Amino acid sequence: MGCLGNVLWFLCGGLLSGLGWLAAGILWCITIVGIPVGLQCFKFASLSFFPFGKEVRYGGGAGSLLLNIIWLFVSGLPLAAGSAIMGVILCCTVIGIPFGLQHFKIAKLALMPFGSEVY
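Calculation rules
- Residues numbered from 1 in each chain as written.
- Predicted model: local features only at pLDDT ≥ 70, side-chain atom pairs only at ≥ 80, totals over all residues.
- Heavy atoms only, no water.
- Helix = DSSP H or I, 4+ residues; strand = E, 2+ residues; numbered from the N terminus.
- Salt bridge = Lys/Arg side-chain N within 4 Å of Asp/Glu carboxyl O.
- Buried < 20%, exposed > 50% of the residue type's maximum accessible area, 1.4 Å probe, protein only.
- Axes fitted to C-alpha atoms, helices over the stretch in contact; angles between N-to-C directions.
- Parallel < 35°, antiparallel > 145°, perpendicular 65-115°, else oblique.
- Nonpolar A, V, L, I, M, F, W, Y, C, P; charged D, E, K, R; others polar.

Looking up the protein in an unreviewed UniProt entry gives the name YccF domain-containing protein, with the organism given as Candidatus Limivivens intestinipullorum.

**Focus on the environment of Met 86**
Counting through the fold element by element, Met 86 comes out in helix α3 (residues 62-90). Sequence separation of Met 86 and Ala 45 is 41 residues, and the distance between their C-alpha atoms is 17 Å.

**Focus on the pattern of salt bridges**
In total, this model carries one salt bridge according to the counting rule given. Between Arg 57 and Glu 55 there is a salt bridge, with its nearest N and O atoms 3.5 Å apart. A relative accessible area of 43% places Arg 57 in the partly exposed class. Residue classification places Glu 55 among the partly exposed positions, given a relative accessible area of 44%.

**So, the packing of helix α1 (residues 2-30) against helix α2 (residues 35-49)**
Where α1 contacts α2, the axes come no closer than 7 Å and their chain directions differ by 175 degrees. Regarding the angle of α1 to α2, the classification is roughly antiparallel. In terms of residue class, the contact of α1 with α2 is built from 18 nonpolar, seven polar and no charged.

So, in structure tokens, the structure goes:
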């Protein structure tokens, strides 16, 4: 399902989700201090474009916690809310459940992206 799921995902919502991460990354990279945050956004944009077959592992330390708190108030809530709403809408249909679950995975990542790794 990985390849077919990724193609269907990209056409039916993954493009918009990935563009949201790209926009957040560009806005963070405008400031010099935000470049590391913007680079993290670009990394997760690739996950948002093609999430099937990839796993997210969460970890990190105090630095990641501090960045996640700043991220949550500046950019995390809109990205997480958008993905969560799309996940709820897609889970209303049987066919959309796998896509809704991927949106929930991305919403969780939008709340705490720092210290997490994509495998």
